[in-house]
Every structure is written in C-alpha cells, then in structure tokens.
Amino acid sequence: WLELDVFAIEDELVVIHDETLERTTSGSGFVMEKSLAYLRSLDAGGGEKIPLLREVIALLGKDAGVNIELKGPATAVPVAALITAAIDRSEVAPGQFLVSAFDHEALMTFRSLQPRIRIAPLVRGVPRDYARFAAEMGAAAVHAALPAATERFIADAHRRGLKFHVFTVNTRAELEKFIGRGVDGIFTDYPDILSRLYP
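Figured I'd write up the structure that's included with this text. (Residues numbered from 1 in each chain as written. Predicted model: local features only at pLDDT ≥ 70, side-chain atom pairs only at ≥ 80, totals over all residues. Heavy atoms only, no water.)

This part covers the nonpolar core. The nonpolar side chains of soluble globular proteins are, as a tendency, buried together. Within the largest apolar cluster, 49 residues are counted, with the highest numbers of intra-cluster contacts made by L53, I68, L70, V79, I83, F110 and F164. Setting aside residues up to four positions removed in sequence, I68 forms contacts with L4, V6, L53, V79, I83, F97, L98, V99 and S100. In this structure, F7, V14, I16 and L36 belong to the second largest nonpolar core, which totals 11 residues. (Core = buried A, V, L, I, M, F, W, Y, C linked by side-chain atoms within 4.5 Å. Buried < 20%, exposed > 50% of the residue type's maximum accessible area, 1.4 Å probe, protein only. Contact = heavy atoms within 4.5 Å.)

Dropping the structure here:
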C-alpha cells in the first residue's frame, strides 16, 4: 500500500506531505498560499513535479492500494468525487482505498459522500475511551502514532473489530516491538529495508 497526503489547490488535489515546501521541493512557503501553477513548476526531487492525486490513481491500476490522508482544509469533498469517478470508470475498485485524517469531522464528511470507502481516524495520543470513538464513526481501522500504540489501545481496537496501524516505524527494533503487540500494519519511510526483514 501507498500512503500519501493531499491538499486541495484550486481545482486539483496536490500530493505533498508537508504544509511547507522547503523540505521536499525547490520551492518555499506554505502549500496553501501558492498557486497550482507555481506548485507544479517546482522540482520535487530528481526533476519530478509535485504529483496530483488523479495522476497517482491513474498509475495504480488494480494491483495496489492507497491510503489517502486528508491533510489540507476542504479536501473531503473533492477526494470523494475523484475516487467515485475513478470507480465509476472501472479504473480502480473501492477496496483499494482507505481514507484517513486527524480532522475526524472531515473524515465523517467524506464517509457521508462515499460510504463504500473505508476510513481510519488518525490519533497522536491515546483517547480516553480507547477505540470506541473509531467504532462509532464506522471506521475500519485506527491509525496511531508510536507513543499511542499501547497494548491496551490495540487490544480494545481488536475487540471492537477494528484494525490497528501504527506510524511511523523506521527501525527493526520498533518493527519487532509493534509486531509483538499485534498491530495489523505499519507506516514506514523505509519499506525496502523493513520488507527484507519480514518478506
């Protein structure tokens, strides 16, 4: 699976992780303060442009899944529309998508527009009611930061029929720790390294 973040800029969904441009592109400033033309003019590494979500989906085919994080404001509606159109054209299947967000209200907006697609709320800390909130949202999974992925939180999610995914696992020690806790999946910046440990 691929995991990516999107911002709505003009009439397009731009795939970029950071809210600012300096770390990953040749540009500077805040993504949301730039025009689409400016963003597309930048070098995002190796001469590549910042991709659009529709370009990524067109490359997927039917063999890969994509977890789309609603990163910028007002992304739920255009993401739902884009996914729906791609499914209607039989380019992809609903099961290839998972949509996540720290903004749980945006996630519920997305779900109301496209109920066939699984959702997963993102959390940085352990909620007081553990995974209850995610079950009440009708989520398929919980995505939690490393410090929040406690044994009790994971077990509660599983009792409620939810998958539990943890971010961002970049070392062998972390990988073994969270596999030992029974997580269902991890996010990593180094899939090439970790996949060799657990092919």
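On to the packing of aromatic side chains. In the structure shown here, the tally under the stated rule is four aromatic pairs. Ring geometry for F102 against F167: centres 6.2 Å apart, planes inclined by 80 degrees, an arrangement best described as edge-to-face. Of this pair, F102 sits in the loop between β4 (97-101) and α4 (104-113) while F167 sits in strand β7 (residues 163-167), placing them 65 residues apart in sequence. Residues F167 and F187 carry aromatic rings whose centres are separated by 6.2 Å and whose planes lie at 90 degrees to one another, so their mutual orientation is edge-to-face. On the criterion of sequence distance, the pair formed by F167 in strand β7 and F187 in the loop between β8 (185-186) and α8 (191-197) is long-range, its members being 20 residues apart. (Phe/Tyr/Trp six-rings, centres within 6.5 Å; stacked < 30°, edge-to-face > 60°. Helix = DSSP H or I, 4+ residues; strand = E, 2+ residues; numbered from the N terminus.)

Turning our eyes to something else, we now look at the sheet that holds β7. Strand order in the open sheet made by the eight strands is β2-β1-β3-β4-β5-β6-β7-β8, with mixed pairing throughout. Every other strand in the sheet has two partners, leaving β2 (12-15) and β8 as the edge strands with one partner each. With five bridges connecting them, strand β6 (residues 141-145) and β7 associate as parallel partners. In the sheet register, A145 faces β7, and the bridge partner there is F167. (Pairing = 2+ DSSP bridges.)

Every regular strand shows the same layout, with side chains that alternate between the two sheet faces. Within strand β5 (residues 118-123), five of the six residues are buried, which leaves it mostly tucked inside the rest of the structure. Strand direction decides the pairing type here: β4 and β5, joined by four bridges, are parallel. Pairing of S100 across the sheet is with A120, part of β5. Chirality of the crossover, the property in question, places the unit of β4, α4 and β5 among those that are right-handed. (Right-handed = clockwise from strand over helix to strand, strands pointing away.)

Turning to helix α2 (residues 53-60), its buried residues number three or more, namely L53, V56, I57 and L60. Down the axis of α2, the smallest arc covering the buried residues is 95 degrees, so these residues share one side. In α2, the exposed residues that point more than 90 degrees away from the buried face are A58 and L59. The secondary structure elements touched by the buried residues of α2 are β1 (2-9), β2, β3 (66-70), α3 (76-88) and β4. Where α2 ends, the next residue or the one after it, G61, has phi of about 65 degrees, a positive value. (Arc of directions from axis to C-beta.)

Right, let's get into the side chain of E12. Here E12 lies in strand β2. Relative accessible area serves as the criterion here: at 18%, E12 is assigned to the buried category. Side-chain polar atoms of E12 contact the side chain of R54, separated by 2.9 Å. Aside from chain neighbours lying at most four places away, what touches E12 is F7, L36, L52 and R54. (Polar contact = N/O pair within 3.5 Å; in protein donor to acceptor, adjacent residues only side chain to side chain.)

A separate point is the packing of α3 against α4. Look at α3 against α4: their axes get within 9 Å of each other, and the N-to-C directions meet at 30 degrees. Considering the relative orientation of α3 and α4, their crossing is right-handed. Residues A76, V77, V79, A80 and I83 of α3 form the contact with α4, whose own contacting residues are A106, T109, F110 and L113. Looking at the contact of α3 with α4 residue by residue, the class counts come to eight nonpolar, one polar and no charged. (Axes fitted to C-alpha atoms, helices over the stretch in contact; angles between N-to-C directions. Left-handed = near helix turned anticlockwise from the far one by under 90°. Nonpolar A, V, L, I, M, F, W, Y, C, P; charged D, E, K, R; others polar.)

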